[in-house]
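Examination of the molecular architecture
Take a look at the letters that make up each chain.
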Amino acid sequence: MNNGAALQRYVPLVCWMAVLLTAVFICLKILGEGYMPPGDARRHAAKPFAGKPYSEIVVMRPQYVVDHSPGWEWLLGCLHRMTGWEEDALLSFSVASTLFCVVCFPLIWVRRPEAWLAAVLAQMIAIPQLMERWLQGRPYLLSEGILMGLLFSWSKEQDRRPPWSKVVLTCIGFALSVWIHGAWYLWVVLFAAFFLAQRWRAGLWLAGCWVVGTIVGALLTGRPLAFLYTGVYMAQCVYQEHAPKWLLVGEFQPSGGEFATIALLAIIYLWRQKQNKGSSSLFSQPVVWMMVLNWILGLTADRFWADWGVAAAIVWMAGEFDEAMPTLWDALSIQRLVACGCIALPLYLDSTNDLGRRYSACLTEPFVDGSNPQNKDWMPGPGGIFYNDNMQFFYNTFYKNPRGDWRYMAGFEPALMPAVDLKIYREIHRSEGSAESYQPWAKKLRPQDRLVVARSGPLDLPPLEWKQAAPGVWIGRLPAGKPAPGPK
């Protein structure tokens, strides 16, 4: 009996270790299979090797003057110089560090770590793609983790002055988000949630911390005004284009309403009400308003719901589970240990299974390697341009050839392309890649430029000659000796 009681004292410690190890094993399992996140994580990992700003890597409008996530790329650059890590190692670091921001950082504010794990598992069952989103290795996940922490810590603030330690840490959190992620203006939604919940004092303190943090984060870039302007200009370019939603990148396309998550939240709310222990003033909670606002905004751009609304939903569920679990089993009981295992194991299995080849598809992706002798003459010459018809070609090719002395027409945001080229790019996608839609770019080619298409075969665009540089990737160029066209 005494031995059993002595062992029970270690139940909380074992639960904490189980939760943290679950996060570690999930990350190691997925990365160990050779997973490489698509998209922006690749250009961030390659950027330290380029040694130049994005304006010299991508053809963009002159208003884009400061890189969007300077703090993140500064950190990756420091790691490269200090450790000698190459692109693959930096990419793995990006995945692991940003995943821990959303999976482990919020554990600071829960009494029972298994409550947080249960909320994450419930949300992943409702949205099977959530783990893919959390494994993208992008700096927005740092902001998402900070958002979760702010919702946990500030939602309990009443009509009193918060301690200065909390104020200082909140300012630091905002500064890191602004410097590393860049989308400083999105935090306005958080303050709106607090004001709608009539948490005026906490909302005003948060807004003040945001102002201070934004100034500090912008100053860290070395060009604060240009940095703040560039962030707003990017958003303005996207929303002023008025392009059909299906032509935009996934996070700017509308959400489908996420019925599964809404149903899940309703079930948990009714369960807590049945226990007579749920909150009676649901809409006095800022976290609830954060869900509502981002669900509404997500109907026009999914990034609001996917990055902010889902984070708020998990925080709310974790809070409800954290309050309910002490009534279900004692903190020192073996039941708690069993329950923790029954949450951690399904979460591990659900997160790491290769559903729909979500982790293994990258192993067969085409990469154009400029160091390959067979491709050497087919890469753009010094000062040349890759006229590419999709963003993935930029991510993959820049990742493989970060020191290439050329630029890409389509980079990490098509709306930043020069207006004439953006019109051509959109027409290519509207026409589903008809040969005629590429004609304006074909006519602009100089001897040092290349036209790239992602398709099963080359385009019929005389006088261009073609080579398959990778599976499904064709590069076209002017024949040797053909004079360059007139000025663009």
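See the structure shown above.
Residues numbered from 1 in each chain as written. Predicted model: local features only at pLDDT ≥ 70, side-chain atom pairs only at ≥ 80, totals over all residues. Heavy atoms only, no water.

A word on empty space enclosed by the protein
Short version of the rule: For each structure, a 1 Å grid was placed over the protein atoms alone; sets of points admitting a 1.4 Å probe that cannot get out are labelled cavities, open sets with protein on both sides within 12 Å along at least five of seven lines are labelled pockets, and lining residues have an atom within 4 Å of a point. Grid points are joined across faces, edges and corners, and a volume is the space filled by probe spheres set on the points. In this classification, Asp, Glu, Lys and Arg are treated as charged, Ala, Val, Leu, Ile, Met, Phe, Trp, Tyr, Cys and Pro as nonpolar, and every other residue, Gly included, as polar. Every helix listed is a DSSP run of H or I at least four residues long, and every strand listed is a run of E at least two residues long, numbered separately from the N terminus.
Counted under the stated rule, the structure contains 3 cavities of 30 Å³ or more. Looking at the largest cavity, its volume works out to about 70 Å³. As for the largest cavity, its lining consists of T22, A23, I26, L99, V103, L117, V120, M124, M131, W134, L347 and S351. Tallied by class, the residues present in the lining of the largest cavity amount to 10 nonpolar, 2 polar and no charged. What lines the second largest cavity is simply Y140, S143, E144, L147, H181, L186, R303, D307 and W308. Of all the elements in the fold, those that place two or more residues in the lining of the second largest cavity are α8 (140-154) and α15 (302-328). At 4 residues, α8 tops the list of elements feeding residues into the lining of the second largest cavity.

Examining the environment of G231
Counted only if it meets this: Should any heavy atoms of two residues lie within 4.5 Å, those residues are considered in contact.
If you trace the backbone, G231 turns up in helix α12 (residues 224-240). Considering only alpha carbons, one finds G231 and D67, 164 residues apart in sequence, at a separation of 9.1 Å. Each residue touching G231, except ones within four places of it in the same chain, is listed here: H68 and Y185.

Overview of the packing of helix α10 (residues 188-196) against helix α11 (residues 200-220)
Stated formally: In this analysis, axes come from line fits to C-alpha atoms, helices being fitted only over the stretch in contact, and the angle between any two N-to-C directions falls in the range 0 to 180 degrees. Any angle from 65 to 115 degrees is called roughly perpendicular, while one under 35 is roughly parallel, one over 145 is roughly antiparallel, and all others are oblique. Less than a right angle of anticlockwise turn of the near helix away from the far helix marks a crossing as left-handed, whereas a clockwise turn marks it as right-handed.
Where α10 meets α11, the axes come as close as 8 Å, and the angle between the chain directions of the two elements is 165 degrees. Here α10 is positioned roughly antiparallel relative to α11, judged by the angle of their axes. The handedness of the crossing between α10 and α11 is left-handed. Residues V188, L190, F191, F194 and F195 of α10 form the contact with α11, whose own contacting residues are W200, A202, G203, L204, L206, A207 and W210. In the contact of α10 with α11, the residues fall into 11 nonpolar, 1 polar and no charged.

What to know about the packing of aromatic side chains
Condition: When two rings of Phe, Tyr or Trp (its six-membered ring) have centres within 6.5 Å they constitute a pair, described as stacked for plane angles under 30 degrees, edge-to-face for angles over 60, and tilted for the intermediate range. Burial classes follow relative accessibility: with a 1.4 Å probe on protein chains only, a residue under 20% of its type's maximum area counts as buried, one over 50% as exposed, and anything between as partly exposed. Charge over a ring is defined by NZ of Lys or CZ of Arg lying within 6 Å of the ring centre and within 35 degrees of the ring normal.
Under the criterion given, the structure shown has 28 aromatic pairs. When the centroid spacing of 5.8 Å and the interplanar angle of 25 degrees are considered together, the rings of Y229 and Y233 count as stacked. Here Y229 pairs with Y233, and both are found in helix α12, just 4 residues apart, close to one helical turn. What makes Y229 partly exposed here is its relative accessible area of 42%. Looking at Y233, the relative accessible area reads 8%, which means it is buried. With a centroid separation of 5.0 Å and 80 degrees between ring planes, the pair formed by F386 and F393 is classed as edge-to-face. Note on accessibility: F386 and F393 belong to one class, buried. One cation-aromatic arrangement involves R43 over F412; the distance from NZ or CZ to the ring centre is 4.0 Å.

Points about the nonpolar core
General note: in soluble globular proteins, nonpolar side chains tend to be found buried as a group. Our working definition: Side-chain atoms within 4.5 Å link the members of a nonpolar core, which is a set of buried Ala, Val, Leu, Ile, Met, Phe, Trp, Tyr and Cys residues.
Ranked by size, the top nonpolar core spans 165 residues in total, and within it W116, W134, W187, L190 and M317 carry the most contacts. Broken down by element, the residue count for this core peaks at 14 residues, all from α15. Dropping the residues within four chain positions of it, W116 is found in contact with V102, V103, P106, L107, V110, M148, F152, I314, V315 and A318.

Examining the sheet that holds strand β1 (residues 384-388)
Worth spelling out the cut-off: Whether two strands pair depends on DSSP finding at least two bridges between them.
Read from one edge to the other, the open sheet built from 5 strands follows the order β2-β1-β3-β5-β4, with strand pairing classed as mixed. Sheet topology places β2 (406-408) and β4 (465-470) at the edges, where each strand pairs with a single neighbour. On average, each strand axis in the sheet is inclined to that of its neighbour by 25 degrees, with strand direction left out of account. Pairing between β1 and β2: 3 bridges, direction parallel. By the bridge assignment for β2, G384 is matched with W406.

Concerning the pairing of β4
Note: β4 against strand β5 (residues 473-477), 5 bridges, orientation antiparallel. Each residue of the ladder has a partner; that of K467, found in β5, is I475. What sits between the antiparallel neighbours β4 and β5 is a turn of 2 residues, in which G472 has the positive phi angle 80 degrees.

Concerning a nonpolar patch on the surface
Put simply, the test is: A patch consists of residues whose relative accessible area exceeds 30% and which take part in no salt bridge; residues with like charges are grouped when within 9 Å of each other, and nonpolar side chains (Val, Leu, Ile, Met, Phe, Trp, Tyr) when within 5 Å. Working definition of accessibility: Shrake-Rupley area with a 1.4 Å probe, residue cover restricted to the visible protein chains. In the sections that follow, a salt bridge refers to a side-chain nitrogen of Lys or Arg positioned within 4 Å of a carboxyl oxygen of Asp or Glu.
Taken together, the side chains of Y10, L13, V14, M17, L21, V24, F25 and L28 make up a nonpolar region of the molecular surface, amounting to roughly 730 Å² of accessible area. Here V14 lies in helix α2 (residues 11-32). You can call V14 partly exposed: its relative accessible area is 37%.

Digging into the packing of helix α3 (residues 40-50) against helix α5 (residues 87-103)
How two helices pack is summed up by the angle between their axes together with the distance between the axes. α5 packs onto α3 with a crossing angle of 135 degrees between their chain directions and a minimal axis gap of 9 Å. The pairing of α3 with α5 is recorded here as oblique in orientation. The element α3 and its partner α5 pack so that their crossing is right-handed. Touching A41, R42, A45, A46, P48 and F49 of α3 are E87, L90 and L91, all from α5. Its residues assigned to classes, the contact of α3 with α5 comprises 7 nonpolar, no polar and 2 charged.

Here we look at unusual backbone geometry
With the exception of glycine, the majority of residues adopt a negative phi angle, and the majority of peptide bonds are in the trans configuration. The linkage connecting P462 with the following residue, P463, adopts the cis geometry, with an omega of 5 degrees. Checked against the element boundaries, P463 lands in the loop between β3 (450-454) and β4. Even without a glycine there, the phi angle at Q198 is positive, about 60 degrees. At R357, a residue that is not glycine, the phi angle is positive and equals roughly 60 degrees. Within the secondary structure layout, R357 lies in the loop between α16 (334-352) and β1. Of the residues examined, R357 reaches a relative accessible area of 41% and is grouped as partly exposed.

No statement about biological role is implied by the geometric values presented.
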